[in-house]
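Working through the structure, step by step
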Amino acid sequence: MSEVKRYLNAYGAELQAQVQSLLDAEKSGAWLLKKYPSPHDLAGEKLLYQYAQDIKQQYMRSSSPISKVIYDDKIHVINNALGLHTFVSRVQGNKLKAKNEIRVASMFRRVPEPMLRMILVHELAHLKEKEHNKAFYKLCQHMEPDYHQLEFELRIYLCHKDRFGELWA
């Protein structure tokens, strides 16, 4: 399976062909670097957690708290997961404790901030909307107006990375 089919399968044939041409001409890296010259500086998990908390505080103040936001080496993008929102329930004595955790694939330690923000917005939206439905994507766009464009560009980066390797190393 080509990288374009793997990451852009939900997009139309014309867009897929354009991305394929960009990759074949070896211009995807230059295009991405022109748009996003440098990676974010949120490599540490404390910074990542605070960044996610800031987004949540601004847009989703009344939603359930998040207990953990971490980079996770076990998330593989090939399974179509950029990050994961997990809801963990534990019994402590006679009480049921529930925690929301967000895990971001470790490969996103070195991507531009807008792309990382898009992933976090996606996972935060799952606090209110569990399914990928109209309300879910509306919430994503409320928190990040360029959500769909950023997701598309991140998927172009994943195609580039598969073929040529890291861009913002």
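Attention here is on the structure that accompanies the text. Please read these numbers as outputs of a predicted model, since none were measured by experiment.

Structural notes on the overall build of the protein
Across its full length, the protein carries 7 helices and 3 strands. Counting from the amino terminus, helix and strand elements in the protein follow one another as α-α-α-α-β-β-β-α-α-α. Taking the contacts inside the protein whose residues are at least 6 apart along the sequence as the reference set, 65% of them involve residues at least 24 apart. Counting every atom, the protein has about 9,500 Å² of accessible surface; 51% of that belongs to carbon and sulfur.

Describing the pattern of salt bridges
If you walk through the whole model with that rule in mind, you get 10 salt bridges. Notably, a salt bridge pairs R163 with E3, separated by 2.9 Å at the nearest N-O pair. Of the two residues, R163 sits in helix α7 (residues 147-164) while E3 sits in helix α1 (residues 3-8), which places them 160 residues apart along the sequence. When its relative accessible area of 13% is taken as the criterion, E3 is described as buried.

Brief notes about the packing of aromatic side chains
What the rule picks out here adds up to 4 aromatic pairs. Summarising the aromatic geometry, the rings of F136 and Y137 are spaced 5.0 Å apart at their centres and angled 85° between planes, so their arrangement reads as edge-to-face. Each ring, one from Y137 and one from Y147, has its centre 6.2 Å from the other, and the planes form 50°; the classification is tilted. Here Y147 lies in helix α7 and Y137 lies in helix α6 (residues 134-143), a separation of 10 residues in the sequence. Here a set of aromatic residues connected by ring pairs shows up, and it is made of F136, Y137 and Y147.

Things to note about the packing of helix α2 (residues 13-24) against α7
Running from amino to carboxyl end, α2 crosses α7 at an angle of 40°, the nearest separation of the two axes being 11 Å. Comparing their axes, α7 and α2 come out oblique. Remark: the crossing between α2 and α7 carries right-handed chirality. Contacts from L15, V19, Q20, L22, L23 and D24 in α2 reach F152, I156, C159, H160, R163 and F164 in α7. For the contact of α2 with α7, the residue count by class is 8 nonpolar, 2 polar and 2 charged.

Overview of the nonpolar core
Counting 45 residues, the largest nonpolar core has V104, L120 and Y157 as the members making the most contacts within it. For this core, the secondary-structure elements that each account for two or more residues are α1, α2, α4 (45-59), β1 (66-72), β3 (95-105), α5 (113-125), α6 and α7. Not counting residues within four places of it along the chain, the set of residues in contact with L120 comprises L48, Y51, A52, I55, V69, I102 and V104.

What counts, and at which threshold
- Residues numbered from 1 in each chain as written.
- Predicted model: local features only at pLDDT ≥ 70, side-chain atom pairs only at ≥ 80, totals over all residues.
- Heavy atoms only, no water.
- Helix = DSSP H or I, 4+ residues; strand = E, 2+ residues; numbered from the N terminus.
- Contact = heavy atoms within 4.5 Å.
- Areas by Shrake-Rupley, 256 points an atom, 1.4 Å probe, with all protein chains shown as cover.
- Salt bridge = Lys/Arg side-chain N within 4 Å of Asp/Glu carboxyl O.
- Buried < 20%, exposed > 50% of the residue type's maximum accessible area, 1.4 Å probe, protein only.
- Phe/Tyr/Trp six-rings, centres within 6.5 Å; stacked < 30°, edge-to-face > 60°.
- Axes fitted to C-alpha atoms, helices over the stretch in contact; angles between N-to-C directions.
- Parallel < 35°, antiparallel > 145°, perpendicular 65-115°, else oblique.
- Left-handed = near helix turned anticlockwise from the far one by under 90°.
- Nonpolar A, V, L, I, M, F, W, Y, C, P; charged D, E, K, R; others polar.
- Core = buried A, V, L, I, M, F, W, Y, C linked by side-chain atoms within 4.5 Å.

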